[in-house]
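The lines below spell out each chain.
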Amino acid sequence: MEARRRSSTKPFQSLKPTKTVSVDEDLTKASDALPLPLHLSNAVFFTLFFSAVYFLLSHWREKIRTSTPLSVVTYSEIIAILAFVASFIYLLGFFGIDFVQSLILRPQTEVWNSEDDDEVADVLLRKEDARKVPCGQALDCSLPPLPPPAPIVTVQKVLDEKPVTVLTEEDEEIIKSVVAGTTPSYSLESKLGDCKRAAAIRREALQRLTGKSLEGLPLDGFDYESILGQCCEMPVGYVQIPVGIAGPLLINGREYSVPMATTEGCLVASTNRGCKAIHLSGGATSTLLRDGMTRAPVVRFGTAKRAADLKLYLEDPDNFDTLAVVFNRSSRFGRLQGIKCAIAGKNLYLRFTCTTGDAMGMNMVSKGVQNVLDFLQTDFPDMDVMGISGNFCSDKKPAAVNWIEGRGKSVVCEAIIKGDIVRKVLKTTVESLVELNMLKNLTGSAMAGALGGFNAHASNIVTAVYIATGQDPAQNVESSHCITMMEAVNDGQDLHISVTMPSIEVGTVGGGTQLASQSACLNLLGVKGASKESAGANSRMLATVVAGAVLAGELSLMSALAAGQLVKSHMKYNRSNKDVSKASS
Ligand code: ADP
């Protein structure tokens, strides 16, 4: 292992925060060149300056009074002039540069003060820390000098400013014990109390154990505390996904810039073209049809009769109020809407639906369901709860129940695209689009036995927006259920297009939505966090934006297909010119 470690000369990430390394590097200050400590030097030059000024002024006043020409200078005046010049140069150097720097740096300080730009501020701050500053700025360094760590390996100081590896002796010991298996990798966060350091140590141990480099997977620039216990366990870095912007997308009279995280060339450009066509045609209308998250436990009885008894009890309207009170205890936001049951012999599937405010709501609905199951045990003691989720929910799997009943937000979004815009922006005709939609999205999908897949590429847009905004990307399965309809209207002049999406599962609180980058994308859309006006308004608005973006994506891709442009544009934007064999080696 040791040999492996030594042979690895890759510039692994620093195990200490960047700030620490930079401050250590900047410990040489301009004041070190002074023979006296800084405050004594300042005191000497201040005294010299004011004494010389006082001396010269009083002497010149005396000369003016006695009518002696000022050009006649005595030795003491020459000394005073020299003292004045020397102290002036010192003070100008000290305070002048400081003043100039404060002018130059002022705009950045204002950026740091912005509450919304904490992450930007953090990046700028780190850049500032790394800068070697002269004179007053350096002398007045507000960052306290840290005790020098005991660096035992400085693998490489790379010229292109990649991070420098600094492993402290203590870090090295922990890495060795993780590699040896004496310290479990998962326990690093709780043992060290420092998530970034835990990730760095785990990463180094992993590289040694596997003999594979993680160069290219960044470690720095991520807040590891923010994912602890809720988003990702045992982190060793983070994957970077570019975020592109499509828009403005005009829905219900409001413009949105839609963030899309993707590595598929053409996707953002194509969606953007759809947004343009929609905008030029007066915008789209997005309507929310239903809002309710579902969870369906499976319970088992000794007989089918008993299972049927429970089904009848749960579906009896007289029992709903009692069940709702029990369910709603779980959260301020979760409100039971209904229970739909399906029976399979002695087994009963109870599909609970509830509102979840601005949360996507899986946790919320599960808690409510648990309350009801506990309550039911009193009247149905022979009920065996086999699983809190029995797949009749149905989460992250294509299922007809979601397609028909809906899950999360059900939205329909429509627009009338003017014939002129279809020709000029989309480079096709209304007639071709309508015909292709019938053949591809309706007949073709029927031929394929599609379940909710009556569209061209809804999942492309759904997934890109989900990743950008911190949704659960695995829910793209049912969230992408969509039927795209096209019809010629206004005497065949214009195109009516709509997307109907029954199960868009989105939230603006909880899960990955609170992470810095994802939260910035939600902020861009104006739906960050919990709605202050009405619980659930933000997540509902996000669902309408998702449907609107899908409408734009459908419009553009279908037009490209109708015009025969698809292969051409993909060859241009989605094909790397790089030599892939070199990249992989
Ligand atoms: P999910 O249920 O989507 O998995 P969480 O388990 O994180 O997400 O639940 C959301 C949390 O956010 C709950 O604790 C809830 O009380 C809180 N919360 C705060 N404001 C809201 C809101 N406007 N809508 C929904 N939940 C909210």
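Predicted model, so just to flag it, every value in this text is computed and none were measured.

**Details of the overall build of the protein chain**
Okay, step 1: The helix and strand tally for the protein chain stands at 22 helices and 13 strands.
Okay, step 2: The 585 residues of the protein chain split such that 43% are buried.
Okay, step 3: In the protein chain, once contacts between residues fewer than 6 apart in sequence are set aside, the share between residues at least 24 apart is 72%.

**A short note on the environment of isoleucine 227**
Okay, step 1: On the secondary structure map, isoleucine 227 appears in the loop between α9 (195-210) and β3 (243-251).
Okay, step 2: Expressed as a C-alpha distance, the spacing of isoleucine 227 and glycine 512, which sit 285 residues apart in the sequence, is 8.3 Å.
Okay, step 3: If sequence neighbours within four positions are ignored, isoleucine 227 has contacts with Phe222, Cys232, Pro235 and Leu515.

**Observations concerning helix α19 (residues 516-525)**
Okay, step 1: Taken together, the buried positions of α19 are Gln518, Ser519, Cys521, Leu522 and Leu525. Seen from one end, α19 has its buried residues packed into an arc of 155°, which puts them on one side.
Okay, step 2: Looking at the packing, one finds that the buried side of α19 touches β3, β4 (254-261), α17 (458-469) and α20 (537-562).
Okay, step 3: Positioned one or two residues after α19, glycine 526 has a phi angle of 80°, which is positive.

**Some words on the pairing of strand β13 (residues 494-504)**
Okay, step 1: Burial within β13 is extensive, with 10 of its 11 residues counted as buried.
Okay, step 2: Bridge analysis of strand β10 (residues 408-417) against β13 gives 8 bridges, and the strand direction is antiparallel. From the neighbouring strand, isoleucine 417 faces β13, where its bridge partner is leucine 495.
Okay, step 3: With 7 bridges connecting them, strand β12 (residues 482-489) and β13 associate as antiparallel partners. Counterpart to isoleucine 483 in the pairing with β13 is threonine 500.
Okay, step 4: Counting the residues that bridge the hairpin from β12 to β13 gives 4 residues, and of these asparagine 490 lies at a positive phi of roughly 55°.

**Digging into the site of the ligand**
Okay, step 1: Close to the ligand lie 13 residues; Asp358, Met360, Gly361, Asn363 and Met364 are nearest.
Okay, step 2: Contact distances for the ligand include 2.7 Å between a nitrogen atom and a backbone N or O atom of aspartate 358.
Okay, step 3: Between an oxygen atom of the ligand and a main-chain N or O atom of glycine 361, the distance comes to 2.6 Å.
Okay, step 4: Bound to the protein, the ligand loses 73% of the 570 Å² it would expose on its own.
Okay, step 5: When grouped by side-chain class, the residues that make up the shell around the ligand number 7 nonpolar, 5 polar and 1 charged.

**Here's the deal with the side chain of serine 330**
Okay, step 1: When you line up the elements, serine 330 lands in the loop between α12 (317-328) and β7 (335-344).
Okay, step 2: At a separation of 3.1 Å, a polar atom in the side chain of serine 330 contacts the main-chain carbonyl oxygen of phenylalanine 327.
Okay, step 3: The residues contacting serine 330, other than those within four sequence positions of it, are Met364, Lys367, Gly368 and Asn371.

**Focus on the pairing of strand β8 (residues 347-355)**
Okay, step 1: Among the 9 residues in β8, 7 count as buried, and that is most of the element.
Okay, step 2: Across 3 bridges, strand β5 (residues 285-295) lies against β8 in antiparallel orientation. Directly across from threonine 294, in β8, lies its bridge partner threonine 353.
Okay, step 3: In this sheet, β8 lies alongside β7 in antiparallel orientation, the contact comprising 9 bridges. The partner of glycine 338 across the bridge, within β8, is threonine 353.
Okay, step 4: Hairpin connection between β7 and β8: a loop of 2 residues separates the two successive antiparallel strands, and glycine 345 in this loop has a positive phi of roughly 65°.

**Comments concerning the confidence of the model for the protein chain**
Okay, step 1: This prediction gives the protein chain a mean pLDDT of 84; 78% of its residues lie at or above 70.
Okay, step 2: Segment residues 1-32 is flagged for pLDDT under 50; beyond a separation of four residues in sequence, or across chains, it makes 84 contacts in the model.
Okay, step 3: Predicted confidence for residues 104-160 stays below pLDDT 50, and this span has 77 contacts to residues more than four positions away or in other chains.

**Some points on the packing of aromatic side chains**
Okay, step 1: For the coordinates displayed, the defined rule picks out 11 aromatic pairs.
Okay, step 2: Geometrically, the ring pair formed by phenylalanine 84 and phenylalanine 88 is stacked, given 6.0 Å between the ring centres and 20° between the ring planes. With a gap of 4 residues between them, phenylalanine 84 and phenylalanine 88 both fall in helix α4 (residues 75-113), about one helical turn apart.
Okay, step 3: Taking relative accessible area as the criterion, phenylalanine 84 reaches 28% and is therefore assigned partly exposed.
Okay, step 4: A ring pair is formed by phenylalanine 327 and phenylalanine 352, whose centres lie 6.1 Å apart and whose planes are at 15°; its orientation type is stacked. Placement of the pair is phenylalanine 327 in helix α12 and phenylalanine 352 in strand β8, with a sequence separation of 25 residues. By the burial criterion, phenylalanine 327 is buried, and phenylalanine 352 matches it.

**Overview of the side chain of threonine 469**
Okay, step 1: The residue threonine 469 is located in helix α17 in this model.
Okay, step 2: A distance of 2.7 Å separates a polar atom in the side chain of threonine 469 from the backbone oxygen of valine 465.
Okay, step 3: Residues contacting threonine 469, with those up to four places away along its chain left out, are Pro259, Thr513, Gln518, Cys521, Leu522 and Leu525.

**Side note on the pattern of salt bridges**
Okay, step 1: For the structure shown, the criterion picks out 21 salt bridges.
Okay, step 2: The salt bridge involving aspartate 171 is made with arginine 197; its shortest N-O contact spans 2.7 Å. Here the residue aspartate 171 occupies a position in helix α7 (residues 169-180), and arginine 197 occupies one in helix α9, the gap between them amounting to 26 residues. This pair shows no difference in class: aspartate 171 is buried, exactly as arginine 197 is.
Okay, step 3: Ionic pairing is found between lysine 305 and aspartate 309, a salt bridge with its closest N-O pair at 2.8 Å. Here lysine 305 pairs with aspartate 309, and both are found in helix α11 (residues 304-315), just 4 residues apart, close to one helical turn.

**Concerning the packing of helix α16 (residues 430-447) against α20**
Okay, step 1: Packing of α16 against α20 leaves a shortest axis separation of 10 Å and a crossing angle of 100°. As far as their axial angle goes, α20 and α16 are roughly perpendicular. Seen from α16, the contacting residues are Ser432, Leu433, Leu436, Asn437, Lys440 and Asn441; seen from α20, they are Glu554, Met558, Ser559, Leu561 and Ala562.
Okay, step 2: Split by residue class, the contact of α16 with α20 holds 5 nonpolar, 4 polar and 2 charged.

Rules and cut-offs
- Residues numbered from 1 in each chain as written.
- Predicted model: local features only at pLDDT ≥ 70, side-chain atom pairs only at ≥ 80, totals over all residues.
- Heavy atoms only, no water.
- Helix = DSSP H or I, 4+ residues; strand = E, 2+ residues; numbered from the N terminus.
- Buried < 20%, exposed > 50% of the residue type's maximum accessible area, 1.4 Å probe, protein only.
- Contact = heavy atoms within 4.5 Å.
- Arc of directions from axis to C-beta.
- Pairing = 2+ DSSP bridges.
- Near = heavy atom within 4 Å.
- Polar contact = N/O pair within 3.5 Å; in protein donor to acceptor, adjacent residues only side chain to side chain.
- Areas by Shrake-Rupley, 256 points an atom, 1.4 Å probe, with all protein chains shown as cover.
- Nonpolar A, V, L, I, M, F, W, Y, C, P; charged D, E, K, R; others polar.
- pLDDT = per-residue confidence, 0-100.
- Phe/Tyr/Trp six-rings, centres within 6.5 Å; stacked < 30°, edge-to-face > 60°.
- Salt bridge = Lys/Arg side-chain N within 4 Å of Asp/Glu carboxyl O.
- Axes fitted to C-alpha atoms, helices over the stretch in contact; angles between N-to-C directions.
- Parallel < 35°, antiparallel > 145°, perpendicular 65-115°, else oblique.

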